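Remarks on the overall topology
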Amino acid sequence: MRKLSVAGALMYGVAAFMTPAYAQTPKDTVVMAKQIDDIISLDPAEAFEFSGIEAIANMYEKLIAFDIKDPSKLYGDLAASWTVSDDGKTYTFKLKPGLKFASGNAITADDVAYSLQRAVALNKSPGFILTQFGFTKDNIKDTIKATGPDTVVITVDKPYAPTFFLNCLTAAVASVVDSKLVKANEKDGDWGNAWLKQNSAGSGAYALRTWKANEQYTLEANANWKGGTPKNKRVVVRHIPEAASQRLLLEKGDVDYARNLTKDQLAAVKSNANVVIDSGPKGYILYLGLNQKNPNLAKPEVREALKYLVDYTGIEKNIVEGTYTPHQTFLPKGFLGAIDDKPYKLDVAKAKELLAKAGLPNGFTVTMDVRSIPPITDIAQAIQSTWGQAGVKLELIPGDGKQTLTKYRARQHDIYIGQWGPDYQDPHTNADTFAINTDNSDDAKSKPLAWRNAWAIPDMTKVTQAAVLERDSDKRKKMYEDLQREHMKVSPFVIMFQQTEVAARRKNVDGLVIGPNSDTNLYANIVKN
Amino acid sequence: MASARSTAKLVSAEVTTFAITMLGLLLVTFLIGRVIPIDPVLAVVGDRAPPDVYDKARIALGLDKPLWQQFLTYLGQVARGEFGTSVMTSNPVILDIKRVFPATLELATLGTLIGVSLGIPLGVAAAVYKGRWPDNLVRILGLFGYSIPVFWLGLMGLLLFYAHLGWVGGPGRVSVAFDDLVTTKTGVLILDAILEGEWEVARDAFSHLILPASVLGFFSLAYISRMTRSFMINELSQAYILTARVKGASETRVIWRHALRNAAAPLATVIALSYAGLLEGSVLTETIFAWPGLGRYITASLLQADMNAVLGGTVVVGVVFISLNLFADIMARVFDPRTR
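What you are looking at is a predicted structure, and each value in this text was computed from that prediction instead of being measured.

Details of a nonpolar patch on the surface
Residue and element names in this part refer to chain B. The grouping of Phe 151, Trp 152, Met 156, Leu 159 and Leu 284 at the surface amounts to a nonpolar patch, some 460 Å² of accessible area in total. Per-element accounting of the nonpolar patch gives the leading share, 4 residues, to helix α7 (residues 150-164). Topologically, Leu 159 is positioned in helix α7.

Right under this line is the structure:
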């Protein structure tokens, strides 16, 4: 039995080597467990994913920012002041003096102009946030200009509501990059895109140290930051795909923040005296899209009946408590003009009455494409059960996210259960997709959510388009309020919930800001005791 | 001369098999990538991109060309050693694989070592004490190995050994305190740490590695011990064993020198295949343990329709599988004189 004893000795050796190396998180480093596999680029002109935008928000600054407690209040971040010309087309920004990038280079008007020109010329996924104001590759030199060391003049193509343009400048795509550094890393006229995907050239609280895709990114405090060097030297964000693993790491103290805990895990960590839960409303909306190509779903009474057949409070309580709250309009709370009307609740009798009026007293059969992820699957099943009470037989088709999305984009679904997050902090971002459909034909050029559900709305489209040109802020607000009320009554969208972002943290760490969008999840104030 | 000629023939036969297998593998993976109902352009530009951005990306991916042309273009690239760039990571696929494969390699190697070092003695014991408790133990282990879901075992292992007992490190390859302390040479973290004399890092890395490796090792053990048992039972019933005993050989000698030696040839194949299976990357284990390995890389890429990455990863898996098969063939020749 010699071999057995060899194996035994080996095991002893293993055990001796294995005595735990206690490595709690270092004092000057904040460690987060988070799902970050959506990051495909850290170039602010290209990134358009939640995690990438959050990282960028901590490495870059913009001309303008909004107060996260009241998003309708704008303030200058790099800009000291700004003016709008009488014709409403020309904006002049003055920069704050003496600011520097992390590299030590001074922040000048040239950097600002270069950054915006760059985002327009590259025209990657988020590029439209700027190009919708008429900027093109060919006119950027004339429309976005540095007229002095601290003066930038921008000319848009129409007299838009100033709030609309300024709100768009708060998006990640309008981040100001260090033009000297980026130009030094340009390759074949790529505006430094290949380099900036994996490096940073900003003036935010942190600078990028490393990014390993699907693994982690590490940020290092920027000593040149205008807010002073952040207390924490380093922020390490690790990709921990499994929420149960995130919970274990947090409870054990190996991470300071767990960012993707689900309802059950949140309930479980609540009893842990060392863990505290922070939360903040996010702009993401959970909705059902009813394809109007389906003759049953195209009946107005059916659309309304289905809105009465969702158990909003039951789903909140049993499935998404703490992570979603009921919300029934297309503008999330926190946006200019957002309203919080909730006319719909589960009312099977009323729904049956409406179905009978539509000529479907015995209900009908319909399918729903469902991403196989929590909590979407559970919500879909809850809906299936309540619809059944009124005779609507719902068949669920499970699929991967990209797969259901591909089908949705091709308008081949009956019903799609999806999430929508605003692209920038202005009401137009959601109105532009939920309440605009300029061409309902299959080969339309523009394909907003209204198009995806084949909802032809020539009149509503005109109202929505007029709202972006309303320069009186109060009037503009009123327009969106009326639009939402009309929309929730007639639209083929059953809007159900608004997301609440949750971050569980160790008791000795605090200060993560959870803003209304990924652009405003900020690390700078995190302190660790 | 005759033997040299037959060796040359053998090598050329193996090379041909390799080439055909790889071509088939590439073709099937390529076609799967094209028939799955996921739009690859989505992976590049996201859901919100305006139509002109979408079209630009579609043309850049070559998706406007006919299928056969896309495949030929791809074959040409592979032949030149280019696997393209991953959409997900923006890195050349080769670089990505260089990063993720060593992570899987260390996991699979330790897992297999655990499986072999425990599985073979257990299997031998089960065969020798057939019908008695060691045998029953191995059969129960085998049953668990086949029926316990890996994610459950992984989570329970973390709960017990990491959260409660604190014997091992948590999910991830190394604690944050030890991040970036060693430069990457081999990519196998423990090896790199030892090469630089960073013993603390090596120890920490090991405490993170041992649990997922044990989980994989358990499944490998269950399989290897069961196979060892049946090979050994077969050998122990042979006439030459009786002869050896009659000649007065000790029981230890009979079991380890005579029977096991003859069971070694089929066992080598079993071990090689089990190792190859682990080298493909165990997606669930890698997910639970936040292990940045090949399995998770390929799966994540597939779900993102990031086809360059999927095809690159598949080529690696194919090469590994075919090489280990070849290795098992050679080992069988070494152990079994009849195949020479």
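Some remarks on the domain arrangement of chain B
Residues and elements named next belong to chain B. If you check the domain split of chain B, you get domain 1 (2-79) and domain 2 (94-339). At the interface, 17 residues of domain 1 touch 17 residues of domain 2. Across the interface of domain 1 and domain 2, roughly 1,400 Å² is buried in total on both sides, 80% from carbon and sulfur atoms. Summed over the three residues of domain 1 that lose the most area to domain 2, namely Phe 18, Thr 29 and Tyr 74, the buried surface amounts to 28% of that side. Along the contact surface separating domain 1 from domain 2 lie 0 salt bridges. One can count 0 residue pairs in polar contact (both at pLDDT 80 or more) joining domain 1 with domain 2. Looking at the side of domain 1 that touches domain 2, the elements that each hand over two or more residues are α1 (2-35) and α2 (40-45). Among the elements that make up the side of domain 1 that touches domain 2, the one with the highest residue count is α1 (11 residues). Within the side of domain 1 that touches domain 2, the residues separate by chemical class into 11 nonpolar, 3 polar and 3 charged.

A few points about the confidence of the model for chain A
All names here are of chain A. In the predicted model, chain A carries a mean pLDDT of 91, and the fraction of residues at 70 or more is 95%. For residues 1-7, every residue scores under 50 in pLDDT, and the model assigns this stretch 6 contacts once sequence neighbours within four places are set aside. Long-range and interchain partners of residues 10-23, a stretch whose pLDDT sits below 50, account for 21 contacts in this model, where long-range means more than four residues apart.

Here's the deal with the pattern of salt bridges
All names here are of chain A. In total, this model carries 35 salt bridges over all chains according to the counting rule given. Its salt-bridge partner being Arg 259, residue Glu 501 comes within 2.8 Å of it at the nearest N-O pair. With Glu 501 in strand β17 (residues 493-506) and Arg 259 in the loop between β11 (257-258) and α10 (263-269), this residue pair connects regions lying 242 residues apart in the sequence. Take Glu 501: its relative accessible area is 14%, and that puts it in the buried class. By relative accessible area, which is 5% here, Arg 259 ends up buried. A salt bridge links Lys 393 to Glu 395; its shortest N-O distance comes to 3.7 Å. Within the structure, one salt-bridge network assembled from shared partners comprises Lys 34, Glu 54, Arg 259, Lys 282 and Glu 501.

A word on the interface of chain B and chain A
Contacts between the two partners involve 59 residues from chain B, matched on the other side by 58 residues from chain A. Our enumeration of links across chain B and chain A arrives at 1 salt bridge. Residues A:Glu215 and B:Arg99 are paired through a salt bridge, measuring 2.7 Å at the closest nitrogen-oxygen approach. At the boundary of chain B with chain A, the tally comes to 10 residue pairs in polar contact (both at pLDDT 80 or more). Elements with a contribution of two residues or more to the side of chain B that touches chain A: α2, α3 (51-60), α5 (93-128), α7, α9 (199-236), α11 (251-279), α12 (283-288) and α13 (294-303) of chain B. The class makeup of the residues in the side of chain B that touches chain A is 36 nonpolar, 12 polar and 11 charged.

A look at the domain arrangement of chain A
All names here are of chain A. Domains assigned within chain A are domain 1 (29-221 + 507-528) and domain 2 (282-499). Distance from the C-alpha centre of domain 1 to the C-alpha centre of domain 2: 31 Å. Listed by partner, the interface residues are 28 residues for domain 1 and 16 residues for domain 2. Each partner contributes to the roughly 1,800 Å² buried at the junction of domain 1 and domain 2, and carbon and sulfur atoms together form 57% of this total.

Details of the side chain of A:Asn272
Counting through the fold element by element, A:Asn272 comes out in the loop between α10 and β12 (275-290). Here the side chain of A:Asn272 touches A:Glu251 through a polar contact of 2.8 Å, side chain to side chain.

Some thoughts on the packing of aromatic side chains
Following the criterion strictly, the structure yields 21 aromatic pairs over all chains and no others. Between A:Phe48 and A:Phe128, the ring centres sit 6.0 Å apart and the planes meet at 80°, which makes this aromatic pair edge-to-face. Of this pair, A:Phe48 sits in the loop between β1 (29-34) and α2 (50-57) while A:Phe128 sits in helix α4 (residues 128-131), placing them 80 residues apart in sequence. Under the relative-accessibility criterion, A:Phe48 is labelled buried at 17%. Ring centres of A:Tyr308 and A:Tyr344 lie 5.1 Å apart, and the angle between their planes is 75°; this geometry places the pair in the edge-to-face category. Here the residue A:Tyr308 occupies a position in the loop between α11 (300-307) and α12 (312-320), and A:Tyr344 occupies one in the loop between β13 (324-326) and α13 (348-357), the gap between them amounting to 36 residues. This pair shows no difference in class: A:Tyr308 is buried, exactly as A:Tyr344 is. In this structure an aromatic cluster arises from ring pairing among A:Tyr91, A:Phe133, A:Phe135, A:Tyr160, A:Phe164, A:Phe165 and A:Tyr424. A cation sits over an aromatic face here: A:Lys252 above B:Tyr162, 5.9 Å from the ring centre.

Points about the layout of surface pockets
In this structure, the second largest pocket encloses a volume near 1,300 Å³. Along the walls of the second largest pocket sit 40 residues, with A:Asp432, A:Ser446, A:Lys447, B:Pro50 and B:Pro51 positioned nearest its centre. Looking at the lining of the second largest pocket, the elements with two or more residues in it are α4, α15 (401-409), α16 (428-434) and α17 (449-452) of chain A together with α3 of chain B. The element that contributes the greatest number of residues to the lining of the second largest pocket is α3(B), accounting for 5 residues.

Reading the values: the criteria
- Residues numbered from 1 in each chain as written.
- Chains lettered and ligands numbered in written order.
- Predicted model: local features only at pLDDT ≥ 70, side-chain atom pairs only at ≥ 80, totals over all residues.
- Heavy atoms only, no water.
- Patch = residues over 30% accessible without salt bridge, like charges linked within 9 Å, V, L, I, M, F, W, Y side chains within 5 Å.
- Areas by Shrake-Rupley, 256 points an atom, 1.4 Å probe, with all protein chains shown as cover.
- Salt bridge = Lys/Arg side-chain N within 4 Å of Asp/Glu carboxyl O.
- Helix = DSSP H or I, 4+ residues; strand = E, 2+ residues; numbered from the N terminus.
- Domains from an automatic or database assignment.
- Contact = heavy atoms within 4.5 Å.
- Buried area = accessible area lost by both parts, 1.4 Å probe.
- Polar contact = N/O pair within 3.5 Å; in protein donor to acceptor, adjacent residues only side chain to side chain.
- Nonpolar A, V, L, I, M, F, W, Y, C, P; charged D, E, K, R; others polar.
- pLDDT = per-residue confidence, 0-100.
- Buried < 20%, exposed > 50% of the residue type's maximum accessible area, 1.4 Å probe, protein only.
- Phe/Tyr/Trp six-rings, centres within 6.5 Å; stacked < 30°, edge-to-face > 60°.
- Lys NZ or Arg CZ within 6 Å of the ring centre and 35° of its normal.
- 1 Å grid on protein atoms, 1.4 Å probe; cavity = no way out; pocket = protein on both sides within 12 Å on 5 of 7 lines; lining within 4 Å.
- Points joined across faces, edges and corners; volume = space filled by probe spheres on them.

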